[in-house]
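Structural overview
One-letter residues, chain by chain:
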Amino acid sequence: MPKIIINGKEIEFEKGMTVLQACELADVEIPRFCYHEKLSIAGNCRMCLVEMERSPKPIASCAMPAAEGMNIKTNTEFVKKARKGVMEFLLANHPLDCPVCDQGGECDLQDQSLFYGFDKSRFSENKRAVEDKYMGPLIKTQMTRCIHCTRCIRFAEEVAGVPEIGAIGRGENMQITTYLEQSMTSELSANVIDLCPVGALTSKPYAFEARPWELKKTESIDVMDAIGSNIRVDTYGWEVKRILPRLNNEINEEWISDKTRYACDGLLKQRLDVPYVKKNGKLEKSDWDEAVEIISQKIKSLSPSEIGGHVGDMASMETIYAFKILLEKIGSKNYDFREKKFYINPQDKVNYLFNSSINGIEESDLLILIGCNPRHEGTILNARIRKSFVKNKTKIYSIGNPGDLTYDYTLLGDDLNEIKNIFEDKSVGNGLLNTPPRQQPPRLTTGPHRCACGGAARYRPTESFAPRPTAPFHGRLLGSRQACG
């Protein structure tokens, strides 16, 4: 492996790494605003300047490829002076909003100005002011605070696949906007709040709710879909204030869907907290004693076979079990949890097991969607598919029309018989399972509905549904409802 010298210490690094990544291997922290591990390199902020031997000027470590024999210094007076100069320019037009800014306490600009900022300003001219933009009901904007790192632009274009944010103007007149100032249409839009290193983009529902040091932080798993995104729940007393993503490269990387992020609002707002009783054709507020008495009388007046129960799929396991015990004590076996018309046969594991793993999608060169819309039903899964499409040029086919999925796909039809046609090479995607060069087994993602012939309710595992092709088929089912929520 090639070697690089960082602050007098020799470090081995992988070919293709940047100087900043090599510095991280040496446990040297480099300040940055525009650089992010999951986004392309922009090199806008110039905060990551380091000194390189035989270079008369400091170099931007995030954009400079590491090479054999480089001698890098990160803690010299030359580097500190350069970083202080960059910080002074960044703060020239930045308002002193820290006491009222929601980013306070977790702001990268605050942290870096502590080390590289000046105690007084040499800037005597009027500060530049920028009109706030409208980005929807979730994202609050204070664009005068923006330092033009372009993280939000790169995220919208590269990860979300919805290039709705961009920059207009040049120099200090540059502004970040959604062009026509419309609400962002991406299901991942609120991730720009986490990406913004300053207080330009903050959470609108969370505005002025609490400071980060006042919150109790609890690690958890998202239950809004079957992806199982890793999240952190921040609470103030007994009230959930916000939900943030946790890093897990195997599942959700650093992103969560807007549904996951803001579902906690339903814990407090527009929530049924008292029983309602229908009187004279209208629902009226009641108390628990009256409600329990009415339920008791109804149960006594009916036979067990006439009593049925339905529990929501968001209830806890303990609640569901207690509900089942209650109905069994009554003598009824009529209970269910499904809120949509679908059937999953639990006898065959392939019907519910996500056996290829979410990050395994990146290794595939062919993906077939069967009766599902991953953009709405499994937003994080859709982001992985897009990543594979952009990075590996993965070919994607769909049975059932899911609409706009932020990547190109070929529609094979709306009938489940297309699965059989694929194996018999009669489909629009003629011979797509066996067309060389196939480096990886194909992934098939199935959903609970959307196909014209009854969706996945009548769907059987692919290997038993269709005859074997002439060439051996090594495909694996990516999942059924578990895959797409």
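What you see is a predicted model, and the numbers here were worked out from it, not measured in a lab. (Residues numbered from 1 in each chain as written. Predicted model: local features only at pLDDT ≥ 70, side-chain atom pairs only at ≥ 80, totals over all residues. Heavy atoms only, no water.)

1. Comments concerning the sheet that holds strand E12 (residues 239-245)
Here is the rule we go by: A pair of strands counts as paired when DSSP detects no fewer than two bridges linking them. The helix count covers DSSP runs of H or I at least four residues long, the strand count covers runs of E at least two residues long, and both are numbered beginning at the N terminus. Convention adopted: a line fitted to C-alpha atoms gives each axis, helices being fitted over their contacting stretch, and angles between N-to-C directions are expressed from 0 to 180 degrees.
The strand order across the open sheet built from three strands is E10-E11-E12, with neighbouring strands paired in antiparallel fashion. The outermost strands of the open sheet, each flanked by one partner alone, are strand E10 (216-221) and E12. If you compare each strand with its neighbour and ignore which way they point, the axes differ by 30° on average. Note: E10 against strand E11 (residues 230-236), six bridges, orientation antiparallel. By the bridge assignment, Lys217 is partnered in E11 with Asp234.

2. Quick notes on the pairing of strand E14 (residues 282-285)
Where strand E13 (residues 276-279) and E14 come together, four bridges link them in antiparallel fashion. Bridge pairing in E14 links Tyr276 to Lys285. From the end of E13 to the start of E14, which pair antiparallel, there are two residues, and Asn280 there has a positive phi angle of about 55°.

3. Remarks on the pattern of salt bridges
For clarity, the cut-off: Each salt bridge in this description consists of a side-chain nitrogen of Lys or Arg and a carboxyl oxygen of Asp or Glu lying within 4 Å of one another. Residue burial is assigned from relative accessible area. The probe radius is 1.4 Å, only protein chains are included, and a residue is buried under 20% of its type maximum, exposed over 50%, and partly exposed in between.
Applying the stated criterion to the full structure yields 22 salt bridges. Here Glu106 and Arg242 are joined by a salt bridge, their closest N and O atoms 2.9 Å apart. In this pair, Glu106 is assigned in the loop between helix H2 (77-92) and helix H3 (108-116) and Arg242 in strand E12, connecting sequence segments 136 residues apart. For Glu106, a relative accessible area of 30% gives the class partly exposed. Measuring nitrogen to oxygen at the nearest pair gives 3.4 Å for the salt bridge that ties Lys387 to Glu362. Placement of Lys387 in helix H10 (residues 379-392) and of Glu362 in the loop between strand E16 (334-336) and strand E17 (366-370) is noted, with a sequence separation of 25 residues between them. The exposure class assigned to Lys387 is partly exposed, which follows from its relative accessible area of 30%.

4. Details of a nonpolar patch on the surface
The test is simple: Residues qualify for a patch when their relative accessible area is over 30% and they have no salt bridge, like charges being joined within 9 Å and the nonpolar side chains of Val, Leu, Ile, Met, Phe, Trp and Tyr within 5 Å. A 1.4 Å probe and the Shrake-Rupley method give the accessible areas. Residues count as covered only by the protein chains that appear here.
On the surface, a cluster of nonpolar side chains totalling about 340 Å² of accessible area is made up of Ile168, Tyr179 and Leu180. By the secondary structure assignment, Tyr179 is in the loop between strand E8 (175-177) and helix H5 (191-195).

Purely spatial values, then, with no claim about function.
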